[in-house]
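One-letter residues, chain by chain:
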Amino acid sequence: MFSDKFAGKELIFNGIPVSPGIAIGTVFVVHLDELAVTDNKIDEDEVEGEIEKFREALRQTGEELKKVKETLAEDMGDEHARIMDTHLMILADNMMIKDTEKCIKTEKANAAYALGKVLKKTFESFARMDDQYLSERAEDIHDVKRRIVRNLLGQTQEGLKELRRKAVVVAKNLTPSDTVGFDRKYVEAFVSDIGGSTSHAAIIARSHGIPAVVGLGNFTHNVRPNDNIIVDGITGQVVLRPEKNTIKLYENAREKFKEMEKELLTLKDYPAITLDERKFELSGNVETLDEIDDVVSHGAKGIGLFRTEYFFITSPSPPGEETQYRYYRDVVKQIAPESVIIRTLDVGGDKIADWIGNIEEANPFMGWRGIRFTLSRKDIFRSQLRAIYRASAHGNVRIMFPMISVMEEVLTAKQICNEVKEDLLKERYKIDEDVKIGVMIETPSAVILARHIAKEVDFFSIGSNDLVQYTMAVDRGNSRISYLYDPLHPVIIRSIRDTVKAAREEGIKVGLCGEMAVSEGALGMLPLIGMGLDEISAPSYLIPEIKKIIRSVTFDETRSLVRKILRRATASEVRELLCNFIIEKRPELKKFIPKVSLK
């Protein structure tokens with residue numbers, strides 16, 4: 001129940017919706033303030049003692065993280081517990097340990113300060129990354145650092161396991177150690193200043209069906225304990241100290257959402273098929289093993305994009321073939337008999353691993369990245385391909401090359417695949433000799449060459465994020481020109497249409513794995529349906545919504561929409577056309593239109 005007296009003026013914040021639902025409750029603030037660390041110098045005779053103190057803190061932290069992993073495994077299963085593997089990997093990083101001990105010796109720095117100095121460069125490197133998943137891993141480093149420092153200073157931090165009342169959990173950031181052991185019945189929603197769709201809070205929230213909004217900036221600066229709060233995990237809006245009328249509006253919205261959610265989940269086992277029986281395959285985008293359960297539970301058929309970058313970037317050196325093989329094997333076995341498309345290493349741009357070295361490029365997004373990197377480091381490429389082919393013995397595997405821009409890249413990559421297969425067979429490894437090979441279409445040159453490329457591969461996967469960025473010549477992270485980044489621009493629709501047409505002419509399958517099917521809701525899905533893609537790959541929690549949209553229209557009417565779109569010249573005209581179609585002919589899909597498009 002809410003008090004008639006509200007402490008202060010109603011405030012509205014907009015963040016990133018990462019787990020759908022609406023929660024109305026009171027705030028429980030998780031304090032994650034940084035522990036004060038000063039540059040107090042130590043004497044020469046204190047150096048060895050300080051190093052020993054540092055090593056003991058590492059040992060204590062390792063025991064704590066293992067306990068957290070064990071608790072997660074008991075509460076949520078082994079796959080979710082693997083979230084902690086990253087933390088343990090960071091903790092065991094020999095370079096971090098050696099550099100910290102060197103700093104203690106040479107600069108006479110105390111252990112806490114030395115650790116912070118060493119990790120600062122790595123933390124900032126991750127935080128700058130444009131790739132959302134990888135940039136969020138900076139918080140994993142931050143969490144490990146906080147734990148080590150607490151042990152160095154002899155302090156402790158309690159997580160949500162102490163919560164014993166229903167509340168909306170608010171924090172600057174929520175880490176695995178904050179949420180371990182929490183009781184689901186007491187947590188009504190998660191809200192955090194930072195984070196994105198692949199942050200720990202997002203994964204945990206979706207797994208438990210808890211509404212969540214992250215990326216709210218300085219939201220925690222405005223919160224007081226026990227404030228009333230509304231969390232809209234559908235639109236990303238958070239209302240602090242809401243007025244009575246606002247509460248009433250959201251109570252109604254919450255009931256409508258519950259009804260819609262119940263309806264969508266009934267579609268889990270139904271096919272993604274249009275009213276005139278055009279069938280689509282829906283698969284999930286996956287970064288780590290802990291997300292696979294979500295793919296299955298939301299009715300997706302396989303994994304349409306398994307990214308491998310994080311696995312490489314978090315390692316002090318390139319992971320070996322055996323390590324990769326075990327990792328890919330677990331993915332393949334868990335999703336079998338459905339297929340998994342494993343994208344080969346896509347480092348470069350803003351995703352640079354420490355072991356690559358200090359690479360300075362004036363324009364990294366146009367530089368040494370994706371297939372360009374792996375073809376220049378064939379040792380790494382071959383090792384990854386060997387691991388993938390070996391994993392193919394355990395299920396249905398497909399291989400996909402990223403950032404293709406010229407035909408020579410396709411031909412060279414295929415040749416290396418053939419050589420790897422021959423070597424493995426000679427070594428008497430059991431593999432699938434008919435692993436399908438595909439490429440990502442995400443550059444304008446790849447679109448233009450699509451007819452030629454299609455003769456050499458088994459499938460296309462359109463990466464709409466980069467395709468928009470490169471086609472419109474817009475940095476998607478630059479707020480000054482963000483208005484140019486629009487997946488519904490007619491030139492993007494035409495590029496996708498041309499790619500699908502080229503695939504059809506050569507008899508190969510074509511899918512899409514970018515944000516177009518996610519951020520634009522029904523507006524993005526209608527033209528994708530009409531262009532006749534075979535597969536849509538998306539975050540698993542959005543699969544039921546996408547399936548609902550597909551099952552609500554005919555292929556013929558969406559194909560007609562595409563023809564009309566191609567006669568338009570601006571993105572605003574396209575949005576107006578799509579909105580009018582939904583309002584006039586498919587009003588039941590209006591709830592899947594982003595609010596900004598209805599203004």
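Not measured: the values here are computed from a predicted model. (Residues numbered from 1 in each chain as written. Predicted model: local features only at pLDDT ≥ 70, side-chain atom pairs only at ≥ 80, totals over all residues. Heavy atoms only, no water.)

**Q** Is there a simple way to explain helix α19 (residues 464-471) in this structure?
**A** Residues three or four positions apart in an α-helix share a direction because the helix packs 3.6 residues into each turn. Burial runs high along α19: six of the eight residues are buried. All of the buried residues along α19 are S464, D466, L467, V468, Q469 and Y470. Just past α19, the residue A473 takes up positive phi, approximately 55 degrees. (Buried < 20%, exposed > 50% of the residue type's maximum accessible area, 1.4 Å probe, protein only. Helix = DSSP H or I, 4+ residues; strand = E, 2+ residues; numbered from the N terminus.)

**Q** Looking at this model, I keep getting lost on the environment of Y328. Mind explaining?
**A** Mapped onto the elements, Y328 comes out in helix α13 (residues 321-335). Here the alpha-carbon distance between Y328 and V397, two residues 69 residues apart in the chain, equals 9.6 Å. For Y328, the contacting residues outside a window of four places in its chain are F306, T308, F311, F312, I342, Q384, A387, I388 and A391. (Contact = heavy atoms within 4.5 Å.)

**Q** Quick question: what am I supposed to make of the pattern of salt bridges here?
**A** Charged atoms that come close allow side chains of opposite charge to pair. Across all of its chains, the model carries 28 salt bridges by this definition. Between E263 and K591 there is a salt bridge whose closest N-O contact spans 4.0 Å. Remark: K591 occurs in the loop between α25 (571-585) and α26 (595-598) and E263 occurs in helix α10 (residues 244-265); sequence separation between them is 328 residues. D330 serves as the salt-bridge partner of R329, at 3.4 Å between the closest nitrogen and oxygen. The structure contains a network of salt bridges with shared partners spanning E321, E322, R386, R390 and E427. (Salt bridge = Lys/Arg side-chain N within 4 Å of Asp/Glu carboxyl O.)

**Q** Got a minute to help me understand the packing of α19 against helix α20 (residues 490-506) in this structure?
**A** Helices that pack against each other are described as a pair by the angle of their axes relative to one another and the distance between those axes. Following both chains from N to C, one finds α19 and α20 inclined at 125 degrees, their axes separated by 10 Å at the closest point. When the axis of α19 is compared with that of α20, the two are oblique. α20 is crossed by α19, and the crossing has right-handed handedness. Across the interface between the two elements, L467, V468 and T471 from α19 touch V491, I492, S495 and I496 from α20. Grouping the amino acids of the contact of α19 with α20 by side-chain chemistry returns five nonpolar, two polar and no charged. (Axes fitted to C-alpha atoms, helices over the stretch in contact; angles between N-to-C directions. Parallel < 35°, antiparallel > 145°, perpendicular 65-115°, else oblique. Left-handed = near helix turned anticlockwise from the far one by under 90°. Nonpolar A, V, L, I, M, F, W, Y, C, P; charged D, E, K, R; others polar.)

**Q** I would appreciate a short explanation of the packing of aromatic side chains in the present structure.
**A** Two aromatic rings are characterised by how far apart their centres lie and by the angle between their planes. One pass over the full model with this rule turns up four aromatic pairs. Taken together, a centroid distance of 4.8 Å and an interplanar angle of 90 degrees make the contact between F13 and F219 edge-to-face. One end of the pair, F13, is in strand β1 (residues 11-14); the other, F219, is in the loop between β6 (212-214) and β7 (228-232), and 206 residues separate them in sequence. F219 matches F13 in its accessibility class, with the two residues each being buried. Taken together, F306, Y327 and Y328 form an aromatic cluster joined through their ring pairs. (Phe/Tyr/Trp six-rings, centres within 6.5 Å; stacked < 30°, edge-to-face > 60°.)

**Q** Explanation requested: unusual backbone geometry in the structure shown.
**A** Negative phi characterises most residues that are not glycine, and trans characterises most peptide bonds. With an omega dihedral of 10 degrees, the bond running from A336 to P337 counts as a cis peptide bond. Inspection of the secondary structure assignment puts P337 in the loop between α13 and β12 (339-343). Phi angles above zero are rare outside glycine, and E277 is one such case at about 70 degrees. For E277, the position within the fold is in the loop between β9 (272-273) and β10 (279-286). Even without being glycine, M403 reaches a positive phi, approximately 60 degrees. A relative accessible area of 2% places M403 in the buried class.

**Q** Explain the nonpolar core here, please?
**A** As a rule of thumb, soluble globular proteins bury nonpolar side chains together. Ranked by size, the top nonpolar core spans 105 residues in total, and within it Y328, F401, F460, I496 and L528 carry the most contacts. Membership of the second largest hydrophobic core comes to 27 residues, among which are L58, A109, A112 and V149. (Core = buried A, V, L, I, M, F, W, Y, C linked by side-chain atoms within 4.5 Å.)

**Q** Help me out: how do you make sense of the sheet that holds strand β4 (residues 167-171) in this one?
**A** Sheet strands pair via backbone hydrogen bonds, and the direction of the pair is either parallel or antiparallel. On the basis of which strands lie adjacent, the open sheet formed by eight strands has the order β1-β8-β7-β3-β4-β5-β6-β2 and mixed pairing. The two strands at the open ends of the sheet, each matched to only one other strand, are β1 and β2 (16-19). Within this sheet the neighbouring strands show an average axis-to-axis angle of 30 degrees, counted without direction. One ladder, built from four bridges, connects β1 with strand β8 (residues 237-240); its direction is antiparallel. Of the residues in β8, the one forming a bridge with I12 is V239. On the sheet, α10 packs against β3 (22-30), β7 and β8 and is oriented at approximately 110 degrees with respect to β3. (Pairing = 2+ DSSP bridges.)

**Q** Hey, could you run me through the confidence of the model for the protein in this one?
**A** Detailed reading of predicted coordinates is not advised where the pLDDT is low. With 83% of its residues at a pLDDT of 70 or more, the protein shows a mean pLDDT of 84. This model gives residues 1-7 a pLDDT under 50, and the stretch forms 15 contacts once residues within four places in sequence are excluded. In this model residues 349-353 is a low-confidence stretch, pLDDT under 50, and it forms 20 contacts with partners more than four residues away in sequence or in other chains. (pLDDT = per-residue confidence, 0-100.)

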